Amino acid sequence: MEGVIDVITRDLLTARGGFDWAVTEFVRVTDTLLPPRVFHRICPELVHRAETSCGTPVHLQLLGSNPERLGDNARRAAELGAPCIDINFGCPAKTVNRHDGGASLLKTPQRVEAVVAGVHRALEGSGIPVTAKLRLGFEDKRLAVACAQAAEAGGAASLVVHARTRREGYRPPAYWQWVRRIRQHVSVETVVNGDIWTLEDYQRARAISGCDHVMLGRAALADPLLAARIRHWQATGEHQPPTRWQDRSTILKEYAYQASQSVPEKVVVSLLKQWLNIMRQHDRDAAERFVELRRIRELSPFLQTLNPSDHSEREEKEEAFTALQTDRQ
Ligand SMILES: Cc1cc2nc3c(=O)[nH]c(=O)nc-3n(C[C@H](O)[C@H](O)[C@H](O)COP(=O)(O)O)c2cc1C
């Protein structure tokens, strides 16, 4: 997810379990063959067999509209070690759509097919699959099935369908029943995506769409233990307790620690606020903390406010240690 799921986030989230694979932010392809460093910047995992530290495969996403150039870049990504090339047909950003990428291609199913076919041809013989990430349409859903069929005809090995049109943005609801309709008209595996925030949403999304698998978007950030909770339920039928603030703040702190090795602290704070902003929409503790945290610009006070109990715990330990030293003297 562009701007919110980078290599550190992928690593921290997949380490908590439950993910079969992750996807990079998109690599934007215009009319050139991009140098390897661009692929390595967006997918640093390429140097580690394109897996996160815990071994979860990372698929590389391309965004663009020129079938030949996308093909050239897909081939390069595959040579660099990408295990799967995903094509973005969902991005709603105006600048992207003005340049004819992302969701704007959904206006013309033939173009969806041409793009997927361009990449599929380029990857022929490599054993690397191409997949498509679709929305239900641009303005409306009239071409939803046609676009999915076009992606399949172009050679997509599987589809992920974000169950909204571009016009519907990210607003609830997600129309999971439309994914069922799509499934009835394609034979490749189709994964449902959109508005899956809880285990119960996961169960309903599967029941309504008929899909075996789901993709988590914002909820992966909002509840870093959701994927593991779903996995646990699949294995045991048990419902684990809700994720505690402690677990959420821990991952934020881990992110802060790792990101601050390579990014200025002020940028780390704004990235943390962005993450917390997604968390707060579905968690009362995160919402409360956000009110206090949104004005803080420096990393150290930010982290202290994130989890004041840590701070007082540390102070208590320091006081106890000082007392011990004094006693000894
Ligand atoms: C900030 C943000 C960035 C996103 N970037 C991408 C992206 O680069 N590629 C992509 O396929 N989808 C992207 N998406 C869409 C998500 O993958 C997902 O389809 C969408 O958020 C719906 O799922 P959700 O309701 O579970 O979040 C992005 C979504 C958000 C909110």
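Residues numbered from 1 in each chain as written. Predicted model: local features only at pLDDT ≥ 70, side-chain atom pairs only at ≥ 80, totals over all residues. Heavy atoms only, no water.

Per an unreviewed UniProt entry, the protein goes by the name tRNA-dihydrouridine(16) synthase and belongs to Kushneria phosphatilytica.

Peer 1: Describe the packing of helix α11 (residues 245–259) against helix α14 (residues 299–306), and please don't skip the residues or the numbers.
Peer 2: Running from amino to carboxyl end, α11 crosses α14 at an angle of 165°, the nearest separation of the two axes being 10 Å. Considered as vectors, α11 and α14 are oriented roughly antiparallel to each other. For α11 against α14, the interelement crossing comes out left-handed. From α11, Trp245, Ser249, Leu252, Lys253 and Ala256 reach across to α14, where they touch Leu299, Leu303 and Leu306. (Axes fitted to C-alpha atoms, helices over the stretch in contact; angles between N-to-C directions. Helix = DSSP H or I, 4+ residues; strand = E, 2+ residues; numbered from the N terminus. Parallel < 35°, antiparallel > 145°, perpendicular 65-115°, else oblique. Left-handed = near helix turned anticlockwise from the far one by under 90°. Contact = heavy atoms within 4.5 Å.)

Peer 1: How would you summarise the environment of Ala256 if you had to cite specific residues and measurements?
Peer 2: Its place among the elements puts Ala256 in helix α11. It is 10.0 Å that separates the C-alpha atoms of Ala256 and Phe302, two residues lying 46 residues apart in sequence. Look past the residues within four positions of Ala256 in its chain and what remains in contact with it is Val268, Leu272, Leu299 and Leu303.

Peer 1: Please provide a residue-by-residue account of the sheet that holds strand β3 (residues 85–89), values included.
Peer 2: Strands belonging to one sheet form pairs held by backbone hydrogen bonds; the direction of such a pair is parallel or antiparallel. Strand order in the open sheet made by the seven strands is β1-β2-β3-β4-β5-β6-β7, with parallel pairing throughout. Bordering the open sheet on either side are β1 (22–28) and β7 (214–215), each of which pairs with just one other strand. Of the pairings in the sheet, the one linking β3 to strand β4 (residues 130–137) comprises five bridges and is parallel in character. Each residue of the ladder has a partner; that of Asn88, found in β4, is Lys133. The strands touched by helix α7 (residues 176–185) within the sheet are β4, β5 (158–165) and β6 (189–193), with β6 carrying the most contacts at an inclination of about 175°. (Pairing = 2+ DSSP bridges.)

Peer 1: Got a sec to walk through the environment of Leu62? Specific residues and values, please.
Peer 2: With respect to the element layout, Leu62 can be found in strand β2 (residues 58–63). Judged by relative accessible area, Leu62 falls into the buried class, the value being 0%. Here Leu62 is in contact with Val27, Val29, Phe39, Leu70, Asn73, Ala74, Ile85, Asp86, Ile87 and Asn88, once residues within four sequence places are set aside. (Buried < 20%, exposed > 50% of the residue type's maximum accessible area, 1.4 Å probe, protein only.)

Peer 1: A description of the packing of helix α1 (residues 7–15) against α11 should follow, citing residues and the corresponding values.
Peer 2: When two helices pack together, you describe them by how their axes are tilted relative to each other and by the distance separating the axes. Where α1 contacts α11, the two axes come as close as 10 Å, and the packing angle between them is 145°. Considering only the axes of α1 and α11, their crossing is right-handed. For the pair formed by α1 and α11, the contact residues are Ile8, Thr9, Leu12 and Leu13 on the first element and Ile251, Glu254, Tyr255, Gln258 and Ala259 on the second. In the contact of α1 with α11, the residues fall into six nonpolar, two polar and one charged. (Nonpolar A, V, L, I, M, F, W, Y, C, P; charged D, E, K, R; others polar.)

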